[in-house]
Amino acid sequence: MTLAYAPSLTGEIVLPGDDAYETLRRTSGGTGSPAYIVRCRDAEEVAQAVRFAAEEGLTLSVRSGGHHGAGFGTNDGGLVIDLGLIDGVEVFGGLDDIVRIGAGARWGDVARALAPYGLAVSSGDTAAVGVGGLMLGGGIGWMVRKHGLALDHLVAAEVVTADGRIVRASATEHPDLFWAIRGGGGNFGVVTTFEVAATREREVTFARIVYPASQAARVLRGWRDVMRSAGDELTSTAQLSPASGDDVPPTVVITACQAGGDHDAVEPLTRLGDALSVDVAVQPYADLLVETPPGPRPAWHAQLRNRFARSCTDELIDTLVSRVRGIPMTVVELRALGGAMGRVPAGATAFAHRDAEILLTTVVLGGQAEHAPVRENLEALWRGLAPHTGGAYGNFLSEPSRDDVAAVYPARTRERLAAVKRLYDPANLFDQNINVGPDGSR
């Protein structure tokens, strides 16, 4: 490949053969061979890279943390904008506790930076996940029932559009773009910084309770009933974990986060069956985010699929428990939703699935070799769940299909997103994402 001369780029350019290239061409979701990787330090350097990619007709990928399972943060033969150097966390304070966060920051660093101020942003589960991708797709975190999605706290954003302009999107400035980036992913530009209204939280009570897999149906029903009557301060997940060798049997793992130090709120979750272990502790919110090694794992490519359910019915639970038993290497997780997330009108943001009671996700562990033998049974599981589910979360899809895109963006949302796309990216330069084209195609 003959690379175009790029004197207009002032960002740090990494080319094939450079020392950093082998690391930077990889993400958690895949390995690419881009012609250029540009590590940008501010919005102007991002704008230069966007204009260059458009002029040269290059596939353009944008990476904040590179954590998406579909590998959108890399490509073959194109240009990758790496936002990892735009990682500042600045606390403005004031009545609304506004913080400015760089799109390339990691959520663990954000949590630690906000902790001394008694502030937090409910983000996700994992410390190494980048701010940009999670925020634009939703952000279903450990306090989602009390504080809603991460994107529900977005006040304004600095965005580089497809024509290289740098604009501010907020409720009063480019409000159509502001609506679209809250759930519409990277379809409309490169967000370089976010202004977020943080929440006042210091400590949480975190619980982890393990039950035998033989009691899965009973435990899941009990978990559902507890969460239906729980206060918004309590967020919880139920996980069906497979056996791991001969020494680790399959289990049902209940995790729960109570915003604040109230042990009593998690106590009902310890009485769902014959618990094998119960761990409850009060800890800083920042300590709750799972620490994983940053960067890609070359031999690891978990396969993720998900759907929302408006009601966690007995039929859904029975189908899930009966069909998942024969699928090795597969974790199934149910996340309790509702609360503050559900009180936001469905049309207020491009994240439309406000009426869901749970998010149901399957994760096939390991690499491609482990996926093939379970694929048929996994497809059968999802066919069985189809009558009980609807809608999808774009951040948890490793192999997004046309049906998945339709599930992420319902027809009315997709039509509105397409209209915004025609205004800000009519040539669909930003297509390395859960894509909505200018004509509404997917």
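The structure this text deals with has already been given above.
Residues numbered from 1 in each chain as written. Predicted model: local features only at pLDDT ≥ 70, side-chain atom pairs only at ≥ 80, totals over all residues. Heavy atoms only, no water.

Draft legend 1. Spotlight on the overall build of the chain. Counting its secondary structure elements, the chain contains 12 helices and 20 strands. Taking 22 Å as the expected radius of gyration for a compact globule of 442 residues, we find that the chain reaches 21 Å, a close match to that expectation. Across the 442 residues of the chain, 57% fall into the buried class. Here the analysis covers contacts within the chain between residues at least 6 apart in sequence; of these, 72% occur between residues at least 24 apart. Roughly 17700 Å² of accessible area belongs to the chain as shown, and the carbon and sulfur atoms make up 50% of that amount. (Helix = DSSP H or I, 4+ residues; strand = E, 2+ residues; numbered from the N terminus. Rg over C-alpha atoms; globule rule 2.2 N^0.38 Å. Buried < 20%, exposed > 50% of the residue type's maximum accessible area, 1.4 Å probe, protein only. Contact = heavy atoms within 4.5 Å. Areas by Shrake-Rupley, 256 points an atom, 1.4 Å probe, with all protein chains shown as cover.)

Draft legend 2. Fine view of the packing of aromatic side chains. Inspection of the entire model under this criterion finds five aromatic pairs. Ring centres of Trp 142 and Phe 206 lie 5.3 Å apart, and the angle between their planes is 85°; on these two criteria the pair is classed as edge-to-face. Of this pair, Trp 142 sits in the loop between α4 (131-137) and α5 (144-147) while Phe 206 sits in strand β14 (residues 203-212), placing them 64 residues apart in sequence. Ring geometry for Phe 308 versus Phe 351: centroids 6.0 Å apart, planes at 85°, classification edge-to-face. Separated by 43 residues along the polypeptide, Phe 308 in strand β18 (residues 303-309) and Phe 351 in the loop between β19 (330-336) and β20 (358-364) bring together distant segments of the chain. (Phe/Tyr/Trp six-rings, centres within 6.5 Å; stacked < 30°, edge-to-face > 60°.)

Draft legend 3. Seen up close, the environment of Thr 193. For Thr 193, the position within the fold is in strand β12 (residues 190-197). In this structure Thr 193 comes out as buried when scored by relative accessible area, which is 17%. C-alpha separation for the pair Thr 193 and Gly 88, spaced 105 residues apart in sequence, amounts to 8.8 Å.

Draft legend 4. Molecular detail of helix α12 (residues 411-424). An ideal rise of 1.5 Å per residue puts 20 Å on 14 residues; α12 measures up with 20 Å between its terminal C-alpha atoms. Taken residue by residue, α12 has Thr 413, Arg 414, Leu 417, Ala 418, Val 420, Lys 421 and Tyr 424 as its buried positions. All buried residues of α12 fall inside an arc of 165° around its axis, so they share one side. For α12, the exposed residues set more than 90 degrees away from the buried face come down to Arg 412, Glu 415 and Leu 423. At its buried positions, α12 is contacted by α6 (175-181) and α11 (402-408). (Expected span 1.5 Å × (residues − 1). Arc of directions from axis to C-beta.)

Draft legend 5. Fine view of the pattern of salt bridges. Inspection of the entire model under this criterion finds 30 salt bridges. With a closest N to O distance of 3.0 Å, Asp 97 and Arg 200 form a salt bridge. Here the residue Asp 97 occupies a position in the loop between β7 (89-93) and β8 (98-102), and Arg 200 occupies one in strand β13 (residues 199-200), the gap between them amounting to 103 residues. You can call Asp 97 buried: its relative accessible area is 8%. The exposure class of Arg 200 is exposed, given its relative accessible area of 56%. In this structure, Arg 228 engages Glu 357 in a salt bridge whose closest nitrogen and oxygen atoms are separated by 2.6 Å. Taken together, the positions of Arg 228 in helix α7 (residues 216-229) and Glu 357 in the loop between β19 and β20 put the pair 129 residues apart, joining distant regions of the chain. Classification of Arg 228 by relative accessible area gives partly exposed; the value is 46%. (Salt bridge = Lys/Arg side-chain N within 4 Å of Asp/Glu carboxyl O.)

Draft legend 6. Looking closely at the nonpolar core. Residues Ile 81, Ile 181 and Phe 194 are the most contacted members of the largest nonpolar core, which totals 93 residues. By residue number, the principal contributor to this core is helix α2 (residues 43-56), which donates seven residues. Setting aside anything within four residues of it in sequence, one finds Phe 194 in contact with Val 99, Arg 100, Ile 101, Ala 103, Val 131, Gly 132, Met 135, Leu 136, Leu 154, Ala 156 and Ala 157. Core analysis: the next-biggest nonpolar cluster, separate from the first, contains 37 residues, Val 321, Leu 378, Trp 382 and Leu 385 among them. (Core = buried A, V, L, I, M, F, W, Y, C linked by side-chain atoms within 4.5 Å.)

Draft legend 7. Expanded view of the side chain of Arg 354. Inspection of the secondary structure puts Arg 354 in the loop between β19 and β20. The buried category is assigned to Arg 354, whose relative accessible area is 5%. Side chain to side chain, Arg 354 and Asp 152 meet in a polar contact 2.7 Å long. From its side chain, Arg 354 meets the backbone oxygen of Met 341 in a polar contact 3.3 Å long. (Polar contact = N/O pair within 3.5 Å; in protein donor to acceptor, adjacent residues only side chain to side chain.)

Draft legend 8. Up close: the environment of Ala 281. Tracing the sequence through the fold places Ala 281 in strand β17 (residues 277-284). Take Ala 281: its relative accessible area is 35%, and that puts it in the partly exposed class. Along the primary structure Ala 281 and Ala 207 are separated by 74 residues, whereas in three dimensions their C-alpha atoms are 6.5 Å apart. Those residues in contact with Ala 281 that lie beyond four places of it in its chain are Val 204, Thr 205 and Phe 206.

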